[in-house]
Amino acid sequence: MTTGALRPAADVRVMDGNKAAAWAVLLCRPDLLASYPISPQTPLLEQLYKFRAEGRLDAETVEVEGENSALSAAVGAVTAGGRAFTATSSMGLMFMYDAYLYASGQRVPVVMSVATREQCAPHTVSSGQQDIMMVKEGGWVQLVAESCQEILDSILVAYRLAEDPNVQLPVNVCYDGYYLSHLSEPVGVPTQEAVDRFLAAVGVGKRPVLSTEAPLSFGAFVLGELYAEYRYKHCQAMQRALDLAESLDGEFQAAFGRAWGGSIEAYRTEDAEVLLVGTGSACGTLKVAIDHLRQEGVRAGLARIRMFRPFPRRRLAELMRGRRAVGVLDRSVCFGWNSGHLYVDVRATAADLEARMPLVNFIGGLAGADIRREMLEDAVRTTVARGRGEPGPEVVWLGLE
Amino acid sequence: MRFRSPFEGAWADPDALLVIRTGDWRLERPVVREARCSHCGLCWLWCPNNCIRDRGTHFAADLTYCKGCGLCARVCPAAAIVMREEDGA
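The rules behind the values
- Residues numbered from 1 in each chain as written.
- Chains lettered and ligands numbered in written order.
- Predicted model: local features only at pLDDT ≥ 70, side-chain atom pairs only at ≥ 80, totals over all residues.
- Helix = DSSP H or I, 4+ residues; strand = E, 2+ residues; numbered from the N terminus.
- Rg over C-alpha atoms; globule rule 2.2 N^0.38 Å.
- Buried ≥ 20, exposed ≤ 12 C-beta atoms within 10 Å, placed from the backbone.
- Contact = placed C-beta atoms within 7 Å.
- Expected span 1.5 Å × (residues − 1).
- Bend = angle between axes of the 7 residues up to and from the residue.
- Axes fitted to C-alpha atoms, helices over the stretch in contact; angles between N-to-C directions.
- Parallel < 35°, antiparallel > 145°, perpendicular 65-115°, else oblique.
- Left-handed = near helix turned anticlockwise from the far one by under 90°.
- Nonpolar A, V, L, I, M, F, W, Y, C, P; charged D, E, K, R; others polar.
- Pairing = 2+ DSSP bridges.
- Core = buried A, V, L, I, M, F, W, Y, C linked by C-beta atoms within 7 Å.

The helix and strand inventory of chain A stands at 13 helices and 16 strands. Here the C-alpha radius of gyration of chain A, 21 Å, is about what a compact globule of 401 residues would show, namely 21 Å. Along the first, second and third principal axes, the C-alpha atoms of chain A reach 70 × 55 × 45 Å. Here chain A, with 401 residues, has 53% of them falling under the buried criterion.

Written out as structure tokens, the structure is:
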């Protein structure tokens, strides 16, 4: 569900998440578009090629033989001072993993959207968030959208974050495959002038680029202390990206009339006795479940993680402080911890608090399985029960138990 | 925090790159028999380390950076370059 209110004067169109992403890319005026199709991201690339065929998108297009080359081509373009875009899903993301690590370690501010999808095996092309969890420690910034409008808006923010001279990091804009990539919603399309103004703060001249006038070497061999220095700088830049995401939210609202909450959207948390934590489109259903239960007097709220990497540890800890229990909704599996991935982060964040509270993890929506309102109402009720001290398993598999 | 690089990522001034004295890695060194060298430049073209220098009448390796791979000796059509074992001196 769309949470940001549309301005009446905005150019509102009905489009799915892939088209919303394509519109955002068009407005950001990329110099290069590197592409390799994979479901459910493919219609995004088709829309960009359509824009180009219509003469609206003035970008060089590179059709490559695989995802590894797609990201590598984008890395090359950005290194030469351009703005580049590519997109992928699932196995495509795995297939570009070494280029993925290269882009971040080399501090290349490329933007890549991920229409999230389960990983094989077992074989499937269905929705899930396992793919982005598999690369979460790859040193990229990861934004996760809940609605089609937020996909468009997040891509605009992604270029501001990526190309900021104090950040210089690649950024993923992630949105649930099918649930958002193929779901049509009203989307406000900003004007080109407004986007140009918003992006004027970044661009060529504010970061090192390859040029014949002032040659630099790129990808130099690095040993020991210098290697540690680059890793240290990378970690610092991740934290600056976190701070910048918070301040950009206000700037974005001033420019486009919508605010999303920065790294976390806090939904009905002010008086909440229990807090739910989630990320992505299932949070829309979770909000409806919370609204419904509040009519019965259940005081629940939601912390929707919008910036998954770097993880908004301080803000989440503030939102968790004083709650009777915290429930975490995951659409992925962390094999090593016998839970979901987000749950591991929330547990780690809980260690920042003085007082302990019951934590419970709900795993659902794997491979496109339904996450219905009633299931999430049960999850909220379970979280409330844990807050009262009722025992139960730490990890609840929705639909299995 | 004291940094050695002015850059955020592994970018570098190309001149400052020549800090690793890869000549230290060498087990054999190329010796050019100057009278045989036809000054054709094939060794200069092939050297993977880009350390062959034009000496005017002949080419020779910059031993500060030459790793001793021997490719120059292999491609030399005049057999002007021979590889000699480093004696450690």
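Moving on: the overall build of chain B. Within chain B, the regular secondary structure consists of two helices and five strands. Counting helices and strands in the order they occur from the N terminus, chain B gives β-β-α-β-β-α-β. Its C-alpha radius of gyration of 16 Å places chain B more than 25% over the 12 Å reference for a compact globule of 89 residues. Dimensions along the principal axes, computed over C-alpha positions, put chain B at roughly 55 × 30 × 20 Å. At a minimum sequence separation of 6, the contacts of chain B that also span at least 24 residues come to 65%.

This brings us to helix α9 (residues 224–256) of chain A. Residue and element names in this part refer to chain A. When the terminal C-alpha atoms of α9 are compared, their 46 Å separation across 33 residues agrees well with the 48 Å that a helix rising 1.5 Å per residue should span. Along α9, the sharpest change in direction is near 30° and occurs at S247. Among all positions in α9, only Y230, A237, A241, L242, L244, A245, L248, F252 and F256 are buried. Looking one or two places after α9, you find G257, whose phi comes out positive at around 80°.

Right, let's talk about the packing of helix α1 (residues 17–27) of chain A against helix α2 (residues 42–53) of chain A for a bit. Residue and element names in this part refer to chain A. Direction vectors running N to C along α1 and α2 enclose 40°, while the axes themselves pass 8 Å from each other. Accordingly, the angle class assigned to the pair α1 and α2 is oblique. Our pair here, α1 against α2, has a crossing hand that is right-handed. Of α2, the residues touching α1 (which contributes N18, K19, A21, A22, V25 and L26) are P43, L44, Q47, L48 and F51. A per-class count over the contact of α1 with α2 returns eight nonpolar, two polar and one charged.

This brings us to the sheet that holds strand β15 (residues 359–363) of chain A. Residues and elements named next belong to chain A. Taken together, six strands build an open sheet; the order of strands is β10-β12-β11-β14-β15-β16 and the sheet is mixed. For this open sheet the edge positions go to β10 (264–267) and β16 (395–397), each flanked by a neighbour on one side alone. Strand after strand, the sheet turns through a mean of 20° between neighbouring axes, direction not considered. Where β15 lies against β16, three bridges are found, and the strand directions are parallel. What sits directly across from I363, in β16, is W397. Packing of helix α11 (residues 313–320) onto the sheet brings it into contact with β10, β11 (274–278), β12 (300–305) and β14 (325–330), and relative to β10 it is tilted by some 10°. Sitting on the sheet, helix α13 (residues 373–387) is in contact with β11, β12, β14, β15 and β16, with an inclination near 150° to β14.

Right, let's get into the interface of chain B and chain A. Chain B puts 12 residues into the contact, and the matching count from chain A is 16 residues. Its residues placed into classes, the side of chain B that touches chain A shows seven nonpolar, two polar and three charged. Sheet topology note: the strand β9 (residues 217–218) of chain A/strand β1 (residues 11–12) of chain B ladder contains two bridges and is antiparallel. Looking across to β1(B), one finds that A:S217 is bridged to B:A12.

Among the structural elements, A:A59 can be located in the loop between α2 and β3 (60–63). The contacts of A:A59, once residues within four sequence positions are left out, are A:P30, A:D31, A:L32, A:L33 and A:R52.

Attention now moves to the nonpolar core. Counting 119 residues, the largest nonpolar core has A:A74 and A:I155 as its most contacted members. Take this core: its biggest share by element is 10 residues, from helix α7 (residues 148–163) of chain A. Residues in contact with A:A74, not counting those within four places in the same chain, are A:L32, A:A34, A:A84, A:F85, A:T86 and A:V110. In this structure, B:V32, B:C43, B:C47 and B:A61 belong to the second largest nonpolar core, which totals 13 residues.

Residues and elements named next belong to chain A. Taken together, seven strands build an open sheet; the order of strands is β3-β2-β4-β5-β7-β6-β13 and the sheet is mixed. In this open sheet, the two edge strands, each paired with only one partner strand, are β3 and β13 (307–309). Taken over all neighbouring pairs, the strand axes of this sheet differ in orientation by 20° on average, direction set aside. Summarising the sheet, strand β5 (residues 111–116) and strand β7 (residues 171–176) pair through six bridges and their orientation is parallel. Across the sheet, residue T116 finds its bridge partner in β7, namely D176. Running at roughly 165° to strand β4 (residues 84–88), helix α3 (residues 67–79) makes contact with β2 (32–35), β3, β4 and β5 of the sheet.

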